[in-house]
Structures are given as structure tokens and as C-alpha cells.
Protein chains: 4
Amino acid sequence: MVSIASVPVGGERFVVIAGPCAVESRGQLRAAAEAVFRSGAHCLRGGAYKPRTSPYSFQGHGEEALRALREVSDELGLPVVSEVLDPRQVEAMDPFVDAFQVGARNMQNFSLLQALGASGKPVLLKRGLSATIEEFLLAAEYILAAGNEAVILCERGIRTFEKATRNTLDLGAVALLKRLTHLPVVVDPSHATGIRELVAPMARAAVAAGADGLLVEVHPRPEEALSDGEQSLCPREFASLMEGLLPFVHAAGRVLA
Amino acid sequence: MVSIASVPVGGERFVVIAGPCAVESRGQLRAAAEAVFRSGAHCLRGGAYKPRTSPYSFQGHGEEALRALREVSDELGLPVVSEVLDPRQVEAMDPFVDAFQVGARNMQNFSLLQALGASGKPVLLKRGLSATIEEFLLAAEYILAAGNEAVILCERGIRTFEKATRNTLDLGAVALLKRLTHLPVVVDPSHATGIRELVAPMARAAVAAGADGLLVEVHPRPEEALSDGEQSLCPREFASLMEGLLPFVHAAGRVLA
Amino acid sequence: MVSIASVPVGGERFVVIAGPCAVESRGQLRAAAEAVFRSGAHCLRGGAYKPRTSPYSFQGHGEEALRALREVSDELGLPVVSEVLDPRQVEAMDPFVDAFQVGARNMQNFSLLQALGASGKPVLLKRGLSATIEEFLLAAEYILAAGNEAVILCERGIRTFEKATRNTLDLGAVALLKRLTHLPVVVDPSHATGIRELVAPMARAAVAAGADGLLVEVHPRPEEALSDGEQSLCPREFASLMEGLLPFVHAAGRVLA
Amino acid sequence: MVSIASVPVGGERFVVIAGPCAVESRGQLRAAAEAVFRSGAHCLRGGAYKPRTSPYSFQGHGEEALRALREVSDELGLPVVSEVLDPRQVEAMDPFVDAFQVGARNMQNFSLLQALGASGKPVLLKRGLSATIEEFLLAAEYILAAGNEAVILCERGIRTFEKATRNTLDLGAVALLKRLTHLPVVVDPSHATGIRELVAPMARAAVAAGADGLLVEVHPRPEEALSDGEQSLCPREFASLMEGLLPFVHAAGRVLA
């Protein structure tokens, strides 16, 4: 079990981490955070530094976004998870976040993993786009071996020939990981599918496959999002996801609240 | 909704089709069939003609196996699904089976699809190992266009770089298919994972993703199976799968019995 | 070494099989055949039965196309290779073709392979879209085990995540096959890339990797082709491919004429 | 055209960069360097910092290895290419190397790319294991946009379902890149295949596909290598590769010496 501030992940409670892909403004963040809080999410996610395929795309608001995350988090009592891109950011980000997220593209950025191993704060490690399960576990081992045992694994879809969905969600990997490691495993149905309508069914399937939680993108107005709008849920859709999730969480012998 | 004999697939009831990979003997078939019947399966599966990667592997017992399937099926009242490999087999197999199965390797065997389109009997069409969702739907269209509307789609895992599981179960495809077509969609967690211990969690995830049923390999003594032993459940494991499935079937607003 | 009529494949001479994807008309076929003959191709390819993803696409002109192929072939002295889709076609096609082609979608159509094994005529077997090298060799084994030793393997690109090219040409497989089997190996750069401009460089790379020949799509007016127009060469482009190939064929210690 | 010290890459001369996967000792490095120099290689490669899948594998000899590389390089007049893993290493490595290598796992390590963009020294950027051609070009754009135009692209095989070779060498990507960008493109047949016997045929195919050069692993005693021994050539095999390459380099209208 790994605790993100006061929120244990990997125990009886199925944990939902939700929020915008990127912090775009204080207003957008607050609207998203209040919405996910009202619907029962346990942690807030939001990107301050965005690893974008193109250098000409929006790269995130950096420290300003981190300050906004901390402020909104403290107000609502929702611990914050945010992505770190560079070992040199670890120290500076530390006061602002309750868990560091390592993105799929950085799963084998070993300097970053070692720096996070030294930090002691929980790390949500996303599986690389074409990382095998063995490589995923060995990447986690870089953090563990550096002395930090607070690692949460996140399956977020792998890259395959199928392009009807953004990636292919590998729930078999989730079930297998639960047999291979004691580390908690969460699922990101937003990046895995890239399609708003598939987020809720894949969230339910994740519960049934044995996942310990979810990472979900929520935006007050997805159609205006600066990134990942097509896979972001609006507040009403997120409320409906949480409601629909409940019977499956109970079927899995777990609780949501 | 498509009916396999008296069993409707795609309606309120979540349908379980179970049985041995291949019919190896009357005794083995009967033991498997009685076990899946007792645990509440709705249809019997069993291979008479086996499409094996190597010409030197066991190729199935052919007509003898078909006769055994029909006999056991009639006794227990479990409709039979069995794989067809060749357009020339369609007519001869017709009296023995209640639905034809088309294997992944034959998804784009268009002569076979056309022959099945002309037969009028239900067809369980498995997705090719590297077929896109679009190609899968167009393969079904070959059967539909030939006049047979009784097509059931089956997601059975796709081929990816990941080798820790036999294939990668693509439940996002299931959720997407349910939005793109009125055809029923079932899931084969046995071939998808190739690992006995993962069959039950993936079966539960399939329910949660919106699938209409399952195709599961069950063998009285998996360790002695002539094919696919590692992914076959023994009767006790299958009983436990059915029991564990029930709360998820209810969570999905469906029934199992 | 396998001979297609009088043309040995797998010996000192690098063999080029060229022609239209599909026979669309006598005029189109003759124009294509004369063009490839003039530029030095050794065999004529042309589809009479086309395995199309959609049942609503052009499916080939069947027997009429076969007659045209035979006629043009006899006139020019170019042996004919044409695709067979169904074991029931083998006997009827036999007088019209000098080698049967098995398409990627049928690589594991075992009934077809067995029927071709019984025929005794050369078979050009294309690798399946996601077939491993081991599966490819075992598919060939179905033909060999049925008594036909005249099998030519054809690498035509595999399906991967990369969509900038139609498929990913796997020349490592060609080099590996040349070490694993005595069977001749040819390369289809047209299907492998799907892009006209890449056909010539990949043809040269195939020679260098150790391939024994090529399968190339040529159409008198690619922009009017009923199928695969984007990857077909016009006669002038094919002439230039042959000319550019020559120094590489010599570098490989082989001859082209 | 990009120059690594005095060696232009992307011009008439086909450029061979060779050396050990990792610098294991001064003796091993010197033996490898002298061998590749004698056989006509133009640059020396050698790893000081190794990005290993497991934290428990040999991680490279760091600065000591860099000093050895510089020393041997200066003696033989072979410019040095060595891998950088972390933006914080860029400045310290600068005096020891003539070009920085970015490994496949770091292709989208954007902080590292930006730091290299600021450095002004040539960068050999390897394609990520599952990076599309578009993502590859956009990763290069991170370096270019930061003001460094000296980028060399390196195709080193992509990750696919096929496991008979370590990766699948995508020479179609090489031919396509030569049409999409003015940047030089080199090929790493060692990592692409992972099999010693396939390195030479893939090197020849790379020339024929239009590549501007090669990156080849050479070790004085591959059977004792601490990493990548199975794909490393011994000095005699490398000499034979260079000799066999020559006619293909001439066929491509280029020179080797």
C-alpha cells in the first residue's frame, strides 16, 4: 500500500485520481477540481510541465501551475499528483505535489527515476508506450533500489497496430501485475482510449480486472482544452462515471467512498 | 440479437460458451460438457477440426468429434459451437453444430465467409490476430452481405510486442464495437491471455466492458490436454469463474441464469 | 531452387515478377505485360481473384482474367503467377497459371495450403500480416509435407504501429530466412510500402539483404487502377527501377538478364 | 550535411561509426578502436553511461570511460560518439566527445533534447522503440528549435510482434526520411537485429535503401562483452563487413574511403 498524503492506494478503497490534463488557468483548475471533488474523487491530477510531441505545442504553465495546484488542493483537501520531466525539477516541485507522476515517454529515463528514488515521495509510474511488463517492473525497481518504496504502477495503454483507439488498454497486464508485484496498480482509461465515450466502460473494466484505482482526465469545457480535449470528460460525464462505477467496485469487494 | 439454437446472444442474459479446445475423446468431452453444464454455461464449444500452426501437430478428430459433440449436446440441451476451416466443410458440418466458429486465422478467408453467409446458421467470427476493428466489421459484412444476419463477433486478443501474455486482450475494441454495430460481441479470455490464472479476471473485465458473453476453454484434466492446456480451466476453476462472475453480471444490469 | 515454368528462382539470377495488381481488361494487362517484358522482368503477375477487405470492393474478373493472363503469357514467353483464394479453385486455375500465389491473409488457410501441396505446381507463399518467421516456415511446411517442394517465400511487410508506410518491410526476416531454409525468398516492395516512391529503394535494399527476387506492381496508368494504384509503378518508373537495380544485383554477385 | 569533428555525414562518403557497446577497459577500447580504424571506420563509438533495463546491470564506467575514449580518439584521429542520458551530463561530457548520442529510450526526453539543442555539438538521435516517423522528426525538431542544426537521425529497429530478431529494422523509414528531411540518416544494424550474422546483410541493405552511414558494435572478444555480446562483431567480422560493403557503396554512387 502506498499513501498519497492521506490517501492510501492499494487497500480496500478503489482510488480515483482526476483532474485536467494540463492546468490552463486558475479558473479552469478550480472548476475541474471542485467538480471531481463533488463527485467523490480522492486525488487531484493536473499537469504543470507537459511533454509534448512537438516543441511548438503548449508546454504547460510550469511553476505558476504548481502554485495553483497546491492552493486548490489545500482548500479542497485533495492531494495533488503532477508530472515531472527532469531530475532537476524534483526538488523544486517537491513542496507543491503529494506524488510525482512519470509519463510513459519517461518510463526508462533512468536519471529521473533515480532522482525520484532519492526523493522519498510517492511516484506514479506510467508504463511506456511499448514497454513489456518486465521492463515496467524493472523501471519501478530503479526507484525502489534507490530507497523509495512508494511506487504506484499505471497502465495507460500500449501502442499497437490498432488506430481506432489512441492506444490499446492492456488489462491483462493489470491482472498479471497484481500477481507479480505487491505494488498498487492503477489504470488511465483516458490516454488508453483517447475517446471520451470509452472512458467509463474501460474504467469499469479496470475495476473488474483488479486495478486499485484510476487516473481520469476531467475538464470543465473539454471542447476548449489546450490538450487532450477529445478524451477529457466534462463534470457531468465524470459524475456519471463515478455513479456507474459503484456497483462494479462493490462487486469487486471494495469501497469507493 | 442472434440465437444459437434456443440461446439468445446479445440480450439481457450474459452468455457463456464453454468446453474443451479440441474434442479428444468421448470421455473427455462428456466430462467437460457435464462440468460446464453444472456450473451454468449456456452453450458447448469443442473443436473437431483444429487449425494448427504446424502440420505435424494434432489436427482434431473430425467427423467423429462432431458426432460426439451432437450426442452430448442433445443429451444436456447445450447448443454446440464448433470451428469450420474450409468452405467445403460447411454443408457436412451443418447437422452437427448450432453455430459455426470462424477462427482468427480465417477472419479474412473470404470464400469461407461467403459459404457461411449462404448457410443461414449463426456464425461466431473471431477477430484476426492483427485485424483492425474496421477490417473485423468488414469481414462480418461478407457474411451479412451474403444473406446471413446471424453474426456474433468475438474479441480474442490481438498480437502485440508483449509476450508475457499470449495475446493482448483489447477490451477497448469491445466497448467501441458495442457503439459501432448492433451485432453481439463476446470475449475469449482463454486465447487472449494464454494463462489460466488470468482467465477469470479478464472474464469479469469483459462483462464490465459491455461484452455480451464469453468463450472459455475447459478441460477435465488441463495438464493432459492435446492443445491449449496452459489456458484451459479445470471444472473446479470454471465453477469458481462462474461464481465470481455473477456480481459483475448483476452490476452490468444483466442476468447469468 | 524452384522453377516457375522455365524460370529458376533461387539461383544466380535475381528474378523479377511484375505486372498489375488486378487484371482489369485485356488492354490494361497487355500494356502492363509488354512494359515489364521490355524492361526485363522474368515473370508476369496479375490478379484474377482479389481478396478485398470489403465485400463491396472490386473482386477481380475471375476466369476471364485467367484466360487473358495465359494468352498474354504465351505470346511474350513470360510465366504467370496469380493468386488463389480457395482450395476449390486450384484445379480450375491450374491450366492458366505457372505458379500459384497465396496472399498474406491466407498464409494460415491450411486447407488451401494442403490443396496446393497436392497440386505439384510452384507456390509463392506470402508472409501473413502478423506472422512470425516460425509460423511462416511452418505454413510452408504444410505445402512441403503434402508433397510439393516448389515453395517460394515472399516477405511483403508486416503490420506494426507505424502508419507512414502501408506495412513495415522486414528485411531482417529475409536475411534470417536465407540462413534457416533452402527455399527461395522474394520481396514485395509494393505492398510493403504502399508508396510508389519507396518501391525502388526497397527493391535495391532487398537485393542487398540477400533476396532472390522481387514481386512488383506495374500498371499502365496507376492513377486509373481499380486497386493499389498508389503503390503501382507506371512503365517508365518500372524501367527506371530495373536500371537502378542492376549495379546492386552485380554487387550481390548475381545477374539480372 | 553534419560534421562530426572533421567527418562530414550526409555527403558523398558513406560513414561508418564503430566500436564497443560499452567501454569496459582501456585495453578493450584500444583493441576495438584499432580494429575499426584499420578496417576503415570513420568514427569511434563507445558507451560511458549505459541506460540499462535493470538497475542491477552494468551501468558503464562513466568519466573514466570518457577519458579513455578521448585519449584513443586523439591518437587514432577517429572522432568520438558517446551516449548522454541526462541534461546535467551535457556540459561535463562536452570536452570528451565529438557528437552526443541520444538513445532510443530517450528520444522523447525533451529536457535532454533541449539541453543538447543549446550545446551546439552534433547529436546522433536514435529513433524510439515505438516512435512513428512523425514523432522522430518532431523530436529532432526540439534540438533544431533550440538552435542546434547538427542532427543525425538513426534508425535502429522498432519493436514489433516478431521476436526472432531483437527489433525490426525499418528501412522503409530510412527511404521515407530521405524524402522528408535534409538531415542525414544512419542505420544501426546491431541493435536492429541483435544477431551477429545479420549485421552485415542489413548493413548492405541500409546502403541500398539510401542511408548515409552505419553505427556498428565491435568488440575484441564479443563472447566476453559485458553488454550486447550477441550482436557485436569481432574485428575479423567487421573487416569482412567493410569489404563486403564496398561494392554496394559504389553501386549507390558513393565512396567509403
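Refer to the preceding data block for the structure.
As the structure is a computational prediction, the values presented were derived from the model and not from experiment.

Engineer: Would you take a moment to explain the interface of chain D and chain C for this structure?
Structural biologist: By a widely used convention, the size of an interface equals the accessible area lost when the partners come together. Opposite the 33 residues of chain D that make contact, chain C presents 33 residues. Interface of chain D and chain C: buried area, both sides summed, is about 2600 Å²; carbon and sulfur atoms make up 76% of it. The largest contributions to the chain D side of the interface with chain C come from F161, A208 and F248 of chain D, which together make up 21% of the buried area. One can count two salt bridges joining chain D with chain C.

Engineer: I'm lost on the sheet that holds strand β10 (residues 213-217) of chain D in this one. Help?
Structural biologist: By definition, the strands of a sheet pair up through backbone hydrogen bonds, in either a parallel or an antiparallel sense. Residue and element names in this part refer to chain D. With parallel pairing, eight strands are arranged side by side around a closed barrel as β3-β4-β5-β6-β7-β8-β9-β10. Across the sheet, the mean angle separating the axes of adjacent strands is 25 degrees when strand polarity is ignored. In this sheet, β10 lies alongside strand β9 (residues 185-187) in parallel orientation, the contact comprising two bridges. For V187, the partnering residue across the bridge sits in β10 and is L214.

Engineer: What exactly am I supposed to notice about the sheet that holds strand β7 (residues 123-126) of chain C here?
Structural biologist: All names here are of chain C. Pairing within the closed barrel is parallel, and its eight strands lie in the order β3-β4-β5-β6-β7-β8-β9-β10. Averaged over neighbouring strand pairs, the angle between their axes works out to 25 degrees when direction is ignored. As paired strands, strand β6 (residues 99-102) and β7 are joined by three bridges and run parallel to one another. When the sheet's bridge partners are listed, Q101 is paired in β7 with L124.

Engineer: Explain helix α1 (residues 26-38) of chain A to me, please; I cannot follow it from the model alone.
Structural biologist: Along an α-helix, a turn takes 3.6 residues, which lines up residues three or four apart on a common side. Residues and elements named next belong to chain A. Taking 1.5 Å as the rise per residue, α1 with 13 residues should run 18 Å; its terminal C-alpha atoms sit 18 Å apart, in good agreement. When α1 is considered as a whole, its buried residues turn out to be Q28, L29, A32, A33, A35 and V36. Each buried residue of α1 sits inside an arc of 165 degrees when the element is viewed along its axis, so together they form one side. Looking at the buried side of α1, the elements it contacts are β3 (15-19), β4 (43-45), α2 (62-76) and α9 (235-251). Phi for G40, located one or two positions after α1, is positive at around 105 degrees.

Engineer: I tried to follow the relation of the copies chain D and chain C on my own but got confused; where do I start?
Structural biologist: For these two chain copies, the linking operation is a rotation about an axis paired with a shift along it. Superposition record for chain D on chain C: RMSD 0.0 Å, screw rotation 180 degrees, translation along axis 0.0 Å. Seen this way, the second copy is the image of the first under a two-fold rotation axis. The rotation axis passes nearest to the C-alpha of A205 of chain D in chain D, at a distance of 2.1 Å.

Engineer: Help me understand the relation of the copies chain B and chain A, please; the structure alone is not making it clear to me.
Structural biologist: The transform that puts chain B on chain A rotates by 180 degrees and translates by 0.0 Å along the axis, for an RMSD of 0.0 Å. Most of the interface of chain B is mirrored in chain A, where 100% of its interface residues are also at the interface.

Engineer: In this structure, what is going on with the packing of aromatic side chains? I would like to understand it.
Structural biologist: The geometry of an aromatic ring pair is captured by two quantities: the separation of the ring centres and the angle between the planes. Residue and element names in this part refer to chain A. With the rule as written, the count across this model stands at four aromatic pairs over all chains. Arranged with centres 4.3 Å apart and planes meeting at 20 degrees, the rings of F110 and Y142 form a pair that is stacked. A residue pair is termed long-range when its members are at least 10 positions apart, and F110 in helix α4 (residues 110-119) and Y142 in helix α5 (residues 133-145) qualify at 32 residues. The class of F110 is buried, set by a relative accessible area of 6%. Given the relative accessible area of 2%, Y142 is considered buried.

Thresholds applied
Residues numbered from 1 in each chain as written. Chains lettered and ligands numbered in written order. Predicted model: local features only at pLDDT ≥ 70, side-chain atom pairs only at ≥ 80, totals over all residues. Heavy atoms only, no water. Contact = heavy atoms within 4.5 Å. Buried area = accessible area lost by both parts, 1.4 Å probe. Salt bridge = Lys/Arg side-chain N within 4 Å of Asp/Glu carboxyl O. Pairing = 2+ DSSP bridges. Helix = DSSP H or I, 4+ residues; strand = E, 2+ residues; numbered from the N terminus. Axes fitted to C-alpha atoms, helices over the stretch in contact; angles between N-to-C directions. Expected span 1.5 Å × (residues − 1). Buried < 20%, exposed > 50% of the residue type's maximum accessible area, 1.4 Å probe, protein only. Arc of directions from axis to C-beta. Least-squares fit on C-alpha atoms with pLDDT ≥ 70 in both. Phe/Tyr/Trp six-rings, centres within 6.5 Å; stacked < 30°, edge-to-face > 60°.

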